[in-house]
Structure formats: C-alpha cells, structure tokens
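Single-letter residue listing:
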Amino acid sequence: MKPLNKVIINKDTSFNPIWIMRQAGRYLPEFREIRKNNPNFIDLCLNDTLSSEITLQPLKRFDFDAAIIFSDILMLPYGLGQKVEFEKKFGPKLGELNLNEISNIDEIDFVEKVHRVYKAIKKVSSNPDLNDKNIIGFVGAPWTLLVYMINQKSPKNNLKKDFFNDNFLINRILLIIEKFLKVHIKNQVDNGANIIQIFDSWSGLLEEKDLPNYVYTPTLSLVNFVKSLNIPVICFPREIKNYKEFCDIVQPDAVNIDYNVDPKKILKDIKIPVQGGLDPKILLTDYENLKKEANKYLEIFKDHPYIFNLGHGILPETNPEMVENLIKIVKDFK
Ligand code: 1CP
C-alpha cells in the first residue's frame, strides 16, 4: 500500500508521510535553471519531457512520500480556451471570458489542449523508482477557478467590484468548470494519479452565507466523483473559517489545514485524516525553531492519522537544506 493510503484509508498512526505543496518549484536551483530557458509557464507545463523531469526533481533530492505533478490549476481555463499568461512579479493574467465560447468547448477540444499534462503523469507514474510513492494529481476547486476566470488575475488585493453582478453567468460558468474538472480528474487518474488534491485557495474570501452555493455544493460533487473512481481525495479549503462544517458536508477522505488554524481545535473537531499546517515561513528561520514548530504538529496529531505538509506552498526563498532538515525531523519523530 502507498504511504498516503496507509494513513488515509487504514488510518495508520504509526508514521507520518511527508510531501510539501509546491515541492516542485522555485526554491530548487535545478527548477530555476529549466525555468530560465522556458519563459512561457503554460508551455513548460505542456512540455511533458520537462514537466515530468521537474516533478521528479524534489524526489531525487529528498525522501518525500509523494510526487505532485508539475502543472497548474489554471490549466483548466486554458483548456477551455481562455487566454492564460504568467507575468513575472505580477502572477497570472487571464484574457476576457467569453461564455459563448466556453459553452461550445467539448471534451475532445479540452483534452486536446491539455493532454500533455496527462502524458507527463503517465511518464512519472510508470517510473519504477516511484513504485512506493503516491502520485498526486490535482485541480483547483470550482470557486477558486471561478475567481481567476472572472477576476482575470489574482484576487490577492480584492475581487472586481462587479464580480457577483451577473448571477446567471456565474452559475453557468460554475457548471462548465465542474464538468471539465471531472474530465481533468478522470484523465489524471487514468494516467496514473493515485490521489487527487482539490485546492480551494480562495475559499476564505467568501462570506459564510455564500459557502453552500460556491464551495460546498460544487466541491461535494467533485469529491463524490473522485470517490467513484476509487481514489482518495484531499481537500484544501484554505482560510475557511469553519473546517468542521466543511468536512461534515463535503466529506473528503482527508483535509489539508492552513497555518492560521489552531491544530488543537482541529484535532478536537475533525475525525478524518489531517494534512499540513506548518507555516512555510518557519522554513526561513533556523533548525531549532523548525524542529520546535514541526514537533508541535507531530505531537498534537501523534494519535491521529496525519500527513505532514505545510499550511500553504513553500516560499521561493526557502533554502533546500531546511527541507532536508524538515524531512529528517518528521521521519525521526516516531
Ligand atoms: O516559475 C514561476 O514563476 C512559476 C511559479 C508557479 C509554479 C511552480 C506557478 C504559477 N504554478 C506553479 C506550479 C503549481 N501550482 C503546482 C505544482 C506542483 C507542486 O506543488 O509542486 C501546483 C499544485 C499549483 C497550484 C496552484 N496554482 C494554486 C493552488 C495552491 C496555492 O498556491 O494556493 C494556485 C492558486 C495557483 C495559481 C498560481 N500559479 C502560479 C502562481 C504564482 C499562482 C498563484 C497566484 C496568486 O497569488 O493568485
């Protein structure tokens, strides 16, 4: 059995597997080297030779228990024909969203645009060195994708003023997103992904009254879909105020927590396996502090099925040596 499945399915508490969000990325010099010569980020994700190599980079250095495929949640709008670009120091920049156009996209058009992501997963999953590792496929949650597609850039500062103006449009787009997320998930699984993580990076932007329509209902539909494929599903409803309510309604197989929540409260409230929590900024401090903070999570969850991870993606300025230290701390704990 794969390490994450032992925890998620068997509820094994005798060890804590570890992987980290954005483990394939900018903190690694070998990634920056490839990135330097590949200025177009989407093209890089669609280059299955390079994207499979980037996926493997952190596993060559470190004893992680899972590979997460090098791609992006914004491959979905890209596959639907919306323009997606990444600008240095600015982040994602999306083109105008045309409902007529995305309504006319069919599954074949979509898969044709993104099939190289699946080819990369196939390459990674058929690598015998990864036989005892999980291969994590992922998608953005419908709400988070809706945010990028309508807002056309990161909502870091705020959502467009007229974001919620056209309810009809929003609900139509949500249904289209949900339909193609299922296509995207199915193809990742068919090519060897054996866990799916759903990233809802912007669920914290919503008021409580809007959660059922934008988060709970569409995410539940995806969670049920992944379960129907007999694959575990991990949800990350980042900065949601009520993780318990989310878990009660959406019922993922495991939940990733962000670094603002109190792990003791999570332990009390949540029965399903937990992943993550450590603030990525801790990796910018020193060994002693890292040990203290990592041990806090390991202690709190010592009798609860727990996958070690961060409370958000690793920061680009992280020293890879600190990742090495973290893995050792986690592996030596039990
Ligand atoms: O070199 C670069 O400039 C590219 C940086 C980068 C990388 C390495 C982006 C742009 N995406 C990725 C890869 C990526 N994105 C992965 C790969 C696998 C791994 O984890 O190693 C994953 C899982 C994602 C997921 C993703 N993309 C999320 C969800 C997680 C999160 O960070 O909240 C989101 C919101 C995105 C959008 C996105 N893509 C890239 C950036 C910088 C962003 C965030 C922009 C913003 O702040 O809104």
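Higher on the page you've got the structure.
Values in this document were obtained by computation on a predicted structure and should not be read as measured data. (Residues numbered from 1 in each chain as written. Predicted model: local features only at pLDDT ≥ 70, side-chain atom pairs only at ≥ 80, totals over all residues. Heavy atoms only, no water.)

Caption draft 1: Expanded view of the site of the ligand. As a structural note, the neighbourhood of the ligand is formed by 24 residues, with Arg35, Asp72, Tyr148, Ser154 and Ser201 the closest of them. Here an oxygen atom of the ligand and a side-chain polar atom of tyrosine 148 are 2.5 Å apart. In the complex, 89% of the free accessible area of the ligand, which totals 880 Å², lies under the protein chains. When each cavity is represented as a set of grid points, the ligand is found to reside in the largest pocket. By residue class, the composition of the shell around the ligand is 14 nonpolar, 5 polar and 5 charged. (Near = heavy atom within 4 Å. Polar contact = N/O pair within 3.5 Å; in protein donor to acceptor, adjacent residues only side chain to side chain. Areas by Shrake-Rupley, 256 points an atom, 1.4 Å probe, with all protein chains shown as cover. 1 Å grid on protein atoms, 1.4 Å probe; cavity = no way out; pocket = protein on both sides within 12 Å on 5 of 7 lines; lining within 4 Å. Sits in = over half its atoms within 2 Å of the grid points. Nonpolar A, V, L, I, M, F, W, Y, C, P; charged D, E, K, R; others polar.)

Caption draft 2: Region of interest: the side chain of serine 52. Note on placement: serine 52 falls in helix H4 (residues 48-61). For serine 52, the side chain forms a polar contact with the main-chain oxygen of threonine 49, separated by 3.1 Å. Not counting residues up to four positions away in its chain, the partners in contact with serine 52 are Ala120, Lys123 and Val124. (Helix = DSSP H or I, 4+ residues; strand = E, 2+ residues; numbered from the N terminus. Contact = heavy atoms within 4.5 Å.)

Caption draft 3: Structural view of the sheet that holds strand E1 (residues 66-68). The parallel open sheet is built from 7 strands, whose spatial order is E1-E4-E5-E6-E7-E8-E9. Because the sheet does not close on itself, it has two edges, and the strands there are E1 and strand E9 (306-307). Here strand E4 (residues 134-140) pairs with strand E5 (residues 195-199) via 5 bridges, running parallel. Note that in E5 the partner of glycine 140 across the bridge is phenylalanine 199. Here helix H10 (residues 211-228) sits on the sheet in contact with E5 and strand E6 (233-236), set at roughly 160° to E6. (Pairing = 2+ DSSP bridges. Axes fitted to C-alpha atoms, helices over the stretch in contact; angles between N-to-C directions.)

Caption draft 4: Representation of unusual backbone geometry within the structure. Residue asparagine 230 is not a glycine yet carries a positive backbone phi of 60°. Relative to the helices and strands, asparagine 230 is located in the loop between H10 and E6. On the accessibility criterion, asparagine 230 (71% relative accessible area) is exposed. Although it is not a glycine, glutamine 251 sits at a positive phi angle of roughly 50°. (Buried < 20%, exposed > 50% of the residue type's maximum accessible area, 1.4 Å probe, protein only.)

Caption draft 5: Main features of empty space enclosed by the protein. Enumeration over the complete set of coordinates arrives at 1 cavity of 30 Å³ or more. Of the voids in this model, the largest cavity is the one considered here, and its volume is about 40 Å³. Taken together, Ser203, Leu206, Glu207, Glu208, Leu211, Ile240 and Lys241 make up the lining of the largest cavity. Grouping the amino acids of the lining of the largest cavity by side-chain chemistry returns 3 nonpolar, 1 polar and 3 charged. (Points joined across faces, edges and corners; volume = space filled by probe spheres on them.)

Caption draft 6: Molecular detail of the nonpolar core. Counting residues in hydrophobic clusters, the biggest one holds 122 residues, and the most contacted among them are Trp143, Leu146, Phe308 and Leu326. Excluding its chain neighbours within four sequence positions, the residues that come into contact with leucine 146 are Asn151, Phe163, Ile170, Ile173, Leu174, Ile177 and Tyr214. (Core = buried A, V, L, I, M, F, W, Y, C linked by side-chain atoms within 4.5 Å.)

Caption draft 7: Local environment of helix H11 (residues 243-250). Residues of H11 that are buried: Tyr243, Phe246, Cys247 and Val250. Buried positions in H11, seen along its axis, are confined to an arc of 95° and lie on one side of it. Buried-residue contacts for H11 involve H10, E6, strand E7 (254-256) and helix H12 (263-269). The backbone nitrogen of lysine 244 lies 3.3 Å from a side-chain oxygen of the residue at the head of H11, namely asparagine 242. (Arc of directions from axis to C-beta.)

Caption draft 8: Region of interest: the pairing of E4. Among the 7 residues in E4, 7 count as buried, and that is most of the element. Burial along E4 is two-sided: Asn134, Ile136, Phe138 and Gly140 and Ile135, Gly137 and Val139, pointing in opposite directions, are all buried. With 3 bridges joining them, E1 and E4 adopt parallel strand pairing. Following the sheet pairing, alanine 67 is matched in E4 by isoleucine 135.

Caption draft 9: Examining helix H14 (residues 320-333) more closely. In this model H14 runs 20 Å from its N-terminal to its C-terminal C-alpha over 14 residues, within 8% of the 20 Å that 1.5 Å per residue would give. Within the span of H14, buried status applies to Pro320, Met322, Val323, Leu326, Ile327, Ile329 and Val330. Backbone nitrogen of glutamate 321 and a side-chain oxygen of the N-cap are separated by 2.9 Å at the start of H14; the cap is asparagine 319. (Expected span 1.5 Å × (residues − 1).)

Caption draft 10: Looking closely at the environment of alanine 120. Note that alanine 120 resides in helix H7 (residues 107-125). Classification of alanine 120 by relative accessible area gives buried; the value is 2%. Considered as a pair, alanine 120 and lysine 334 are 214 residues apart in the sequence and their alpha carbons are 35 Å apart.

Caption draft 11: How the structure looks around the packing of H7 against helix H9 (residues 167-190). Interaxial distance between H7 and H9 falls to 10 Å at its minimum, and their mutual angle equals 35°. For the element pair H7 and H9, the recorded crossing hand is right-handed. Every residue of H9 that contacts H7 at Glu107, Phe110, Val111, Val114, Val117, Tyr118 and Ile121 is listed here: Phe180, Val183, His184, Asn187 and Gln188. In terms of residue class, the contact of H7 with H9 is made up of 8 nonpolar, 3 polar and 1 charged. (Left-handed = near helix turned anticlockwise from the far one by under 90°.)

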